Amino acid sequence: MALLTLGDAVDLTDVAIQKIFLKETNLEKKTYFDKYFNVEKGVVDRLLKDSSLSGLGSASRVVENSIITSEAPVQGYDKTYTQVEYGKLLPVTKQMWKFGIQKRNLERVAQSLKNACLRAREELCADRLDNSFSSSYNKTDDGGNYSVTVTGGDSQPFITNAHTREDGGSNWNNRQTDGTTVNMDMDYDALKGAYRTASLVLDPKGKKMDVNLDTLIVSRGSAVSFRAKEILGAIRVGGKQSLPGTANNDSAGVPAFEVIELPYIDTNTAYWWMFDSSMKGPEYGLQYKESQGISLEGPNVVFKTGEIQYKATMLFDIGHNDSRNFVGS
């Protein structure tokens, strides 16, 4: 177990050094996960399972004196969310605490534990997009290596052309395509393809869903991010300005959209996603189920050694059952 001792930070007890600063990213100012996850707090059960029941298809013509055609809903898919605990411990020797941290008024170092949880939560949520075309991925943290399954209720990845329809009909697709090319690089024609893809998403009965994409998610600082903002800038002036890098003035053909720039997409920075924010809820999209928010505890004093311990923990699970409001490339 890592333990902060006098030898680990000798500057804290060096009387020749007048100022010591605690330098760490302030993660409390802004969160990202809640912009693209549906957040549910106050979960009281370790296991939380949801399912669904489809509506009906379209009404049919009734010939005079004939029997109206009947139809029954179909059962949706089950998805289980299992609460997982995440945490971090900060142990400090008594002398380091007394002569180093307290003397330098650095007690707020314990708040770094909260930041560690905030950072982990954002990373774990972003991983669901970073690996949205896969059924599972390997994760490494201070606790070791482990495998994470990321399939939905239909046992398919978040983004795929092989989503199994509940009524047994043809699969539905949310992997971006213009009808010919699949997984296009971010550009104006790719956006048009995304809207086409969303318009063809089918409900459990094989009917059009009327998905209206309005939010784009990209990796911050990536080429995709800058291109998206260039295109958005042209769209917002209503076609009066040509698209960057082209002589085209047809930018008004795609509606304006919001851009979420995630700083936590590290691996697949060329990936991008769009979703219908009006459908962000418990039925569709990415889900965050929390039974315990970030909790900072301490100090705990070890009687035999005088060691002082602080810890921060949180309990939640993330996943999806139905990704019909998302398109990815």
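Everything below is about the structure printed above this text.
Here is a short report on the structure shown in this document. Remember, predicted model here, so these are calculated numbers, not experimental data.

### Some points on the pattern of salt bridges
- A complete count under the given rule lists 11 salt bridges for this structure.
- K88 serves as the salt-bridge partner of D142, at 2.4 Å between the closest nitrogen and oxygen. In this pair, D142 sits in the loop between β5 (136–141) and β6 (144–149) while K88 sits in strand β4 (residues 84–92), placing the two residues 54 residues apart along the sequence.
- Taking the relative accessible area as the measure of exposure, D142 reaches 69% and is therefore exposed.
- Through salt bridges with shared partners, a single network forms among E166, D322 and R324.

### With respect to the packing of aromatic side chains
- This structure, assessed with the given rule, holds nine aromatic pairs.
- Seen from their ring centres, F133 and Y271 are 5.2 Å apart, and the 70 degrees between their planes marks the pair as edge-to-face. Residue F133 is found in the loop between α3 (112–130) and β5, and its partner Y271 is found in the loop between β8 (258–262) and β9 (273–275); the two are separated by 138 residues along the sequence.
- Note on F133: relative accessible area 24%, which makes it partly exposed.
- Members of the aromatic cluster, each reached through a chain of ring pairs, are F33, Y86, Y288 and F316.
- The side chain of K289 reaches across the aromatic face of Y81, ending 5.2 Å from its centre.

Rules and cut-offs
- Residues numbered from 1 in each chain as written.
- Predicted model: local features only at pLDDT ≥ 70, side-chain atom pairs only at ≥ 80, totals over all residues.
- Heavy atoms only, no water.
- Salt bridge = Lys/Arg side-chain N within 4 Å of Asp/Glu carboxyl O.
- Helix = DSSP H or I, 4+ residues; strand = E, 2+ residues; numbered from the N terminus.
- Buried < 20%, exposed > 50% of the residue type's maximum accessible area, 1.4 Å probe, protein only.
- Phe/Tyr/Trp six-rings, centres within 6.5 Å; stacked < 30°, edge-to-face > 60°.
- Lys NZ or Arg CZ within 6 Å of the ring centre and 35° of its normal.

Coordinates in, geometry out; function isn't part of it.
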